[in-house]
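Structural overview for review
Residues per chain are reported as follows:
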Amino acid sequence: MSEKQAQSSTGLLAKWRSMPNDSAAKMLVVTVSLCFVCSVIVSGVAITLRPMQVANKALEKNRVILESAGLLDEEKTEDIQTLFDERVEVRVVDLGSGEYVDISNPKTHDQRKASKDPTRNYPIPNERDVANIKRRAQQASVYLVRREGKLQNLIIPVHGYGLWSTMYGFLALESDIKTVTGLSFYEHAETPGLGGEIDNPKWRARWVGKFSHDEQGSPRLEVVKGRVDDSRDGAVHQVDGIAGATLTSVGVSNMMRYWLGDNGFGPYLAKLRANSEG
Ligand SMILES: Cc1cc2nc3c(=O)[nH]c(=O)nc-3n(C[C@H](O)[C@H](O)[C@H](O)COP(=O)(O)O)c2cc1C
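Residues numbered from 1 in each chain as written. Predicted model: local features only at pLDDT ≥ 70, side-chain atom pairs only at ≥ 80, totals over all residues.

**Concerning the environment of Glu 148**
Using the following cut-off: Helix and strand definitions here come from DSSP, where helices need a minimum of 4 consecutive H or I residues and strands a minimum of 2 consecutive E residues; each element is numbered from the N-terminal end. Buried residues are those with 20 or more other C-beta atoms within 10 Å of their own C-beta, exposed residues have 12 or fewer, and partly exposed residues lie in between; C-beta atoms are placed from the backbone.
Note that Glu 148 resides in the loop between strand E5 (139-147) and strand E6 (150-161). Glu 148 sits in the exposed class, given 5 other C-beta atoms within 10 Å. A C-alpha to C-alpha distance of 27 Å links Glu 148 and Ala 205, two positions 57 residues apart in sequence.

See below:
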């Protein structure tokens, strides 16, 4: 540093020190500097934690898949990923034909990403969009749990609009491709205590043992307003509504109707059911 530069920086420092602390210029410089330092720290932390957040989100999804199939109760374990890898087979299905798609690593298929890609999605015509989701992926992930080589559970991803948000979850069926093993959600923004009760284990338990389709193979699973009347015929397809959250409950019914129907997993489920009967 030249003598002239050293003199000017000492002069600047002296000028800064001589300024009163409550001067507008000094307060502005301190505020802007503080904001800059804080924003650098926050951005740095966000960037550093991003991979961890992505990994935790994927793990939570796998936990919910295991939960919906009742595997978390069956095998008390803390190691979700190992249990998932050991017990769950991931396949990809073409929803139009209901046939499996041969891809080298089905675990990497990102259905939500595909639903946003115009080359890989299917814009749902308004009259068919009962779940209010506008578009879906052409190919969907399905999860198979086998015991001694035989299919024990099939888990399908389901999503649909509630009152405030799109609710994402998994519906697990038994090997007859009709009896519900469980329903669990991993993402939604419904109101805690109202629509958020879709996460309540007591409400989720009401789904277990219900039938997704009738004898003719039509999707019938629905949430009713109030309590299910067990003396009525359709009761095997019905689940109690959530008090004070009729709109979320209707959203869950609509989601079931869409994903179990012809425009969702219908063709695939019909094929599997035919195989399980044959
Ligand atoms: C702040 C607030 C949050 C609400 N959140 C939900 C919700 O998450 N899901 C829902 O179905 N209804 C919610 N509601 C209630 C709905 O507006 C509507 O009244 C309700 O779905 C009707 O259900 P009920 O016929 O069972 O009372 C909320 C209402 C308020 C005031």
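**Overview of the site of the ligand**
Our working definition: We call a residue near a molecule or strand if the C-beta atom, set from the backbone, is within 6 Å of it. Residues are sorted three ways: Asp, Glu, Lys and Arg are charged, Ala, Val, Leu, Ile, Met, Phe, Trp, Tyr, Cys and Pro are nonpolar, and all the rest, Gly among them, are polar.
As a matter of local geometry, the ligand sits amid Leu 163, Trp 164, Glu 190, Thr 191, Leu 194, Gly 195, Ala 243, Gly 244, Ala 245, Thr 246, Leu 247 and Thr 248. Partitioned by chemical class, the residues of the shell around the ligand number six nonpolar, five polar and one charged.

**Points about the sheet that holds strand E2 (residues 99-101)**
Applicable threshold: For two strands to be treated as a pair, DSSP must find no fewer than two bridges joining them. For helices, the fitted axis covers only the stretch in contact; all axes are lines through C-alpha atoms, and the angles between them, taken along N-to-C directions, range from 0 to 180 degrees. Residue pairs are scored as contacts if the distance between their C-beta atoms, which are placed from the backbone, is within 7 Å.
As summarised here, the arrangement of the six strands in space is E2-E1-E5-E6-E7-E8, forming an open sheet in which the pairing is antiparallel. Across the chains shown, the open sheet's two edge strands, defined by having one partner strand only, are E2 and strand E8 (180-187). Averaged over all pairs of adjacent strands, the angle between strand axes in this sheet comes to 35°, irrespective of strand direction. Each of strand E1 (88-94), E5, E6, strand E7 (166-174) and E8 is contacted by helix H2 (residues 24-68), which is oriented at about 160° to E8, the strand it contacts most. Strands E6 and E7 of the sheet are contacted by helix H7 (residues 246-260), whose axis makes an angle of about 125° with E6.

**Considering the pairing of E1**
Bridge count for E1 against E5 is seven bridges, and the pairing is antiparallel. Note that in E5 the partner of Glu 89 across the bridge is Leu 144. Here E1 pairs with E2 via three bridges, running antiparallel. Residue pairing for E2: Val 93 is matched across the bridge by Tyr 100. Counting the residues between successive antiparallel strands, the hairpin from E1 to E2 contains four residues, one of them, Gly 98, with a positive phi of roughly 80°.

**Notes on the pairing of E7**
Looking at chain direction, E6 and E7 are connected through nine bridges and run antiparallel. Considered in E7, the bridge of Asn 153 is made with Glu 174. Between the antiparallel neighbours E6 and E7 lie four residues. Sheet topology places E7 next to E8; six bridges connect them, and they run antiparallel. Following the sheet pairing, Tyr 168 is matched in E8 by Glu 187. Remark: five residues form the turn of the hairpin made by E7 and E8, two consecutive strands paired antiparallel; Ile 177 in that turn has positive phi of roughly 55°.

**A few points about the nonpolar core**
Note the cut-off: In plain words, the nonpolar core is the set of buried Ala, Val, Leu, Ile, Met, Phe, Trp, Tyr and Cys residues that C-beta atoms within 7 Å link up.
In this structure, Ile 65, Ile 155, Ile 156, Phe 170, Leu 171, Met 255 and Trp 259 are the most contacted members of the largest nonpolar core, which totals 45 residues. Put simply, the parts of the chain that give this core at least two residues each are H2, E1, E5, E6, E7, E8, H7 and helix H8 (266-277). At six residues, H7 tops the list of elements feeding residues into this core. Excluding its chain neighbours within four sequence positions, the residues that come into contact with Leu 171 are Ser 68, Ile 156, Val 158, Val 180 and Leu 183.

It is worth stressing that arrangement in space is one thing and function is another; only the former is reported here.
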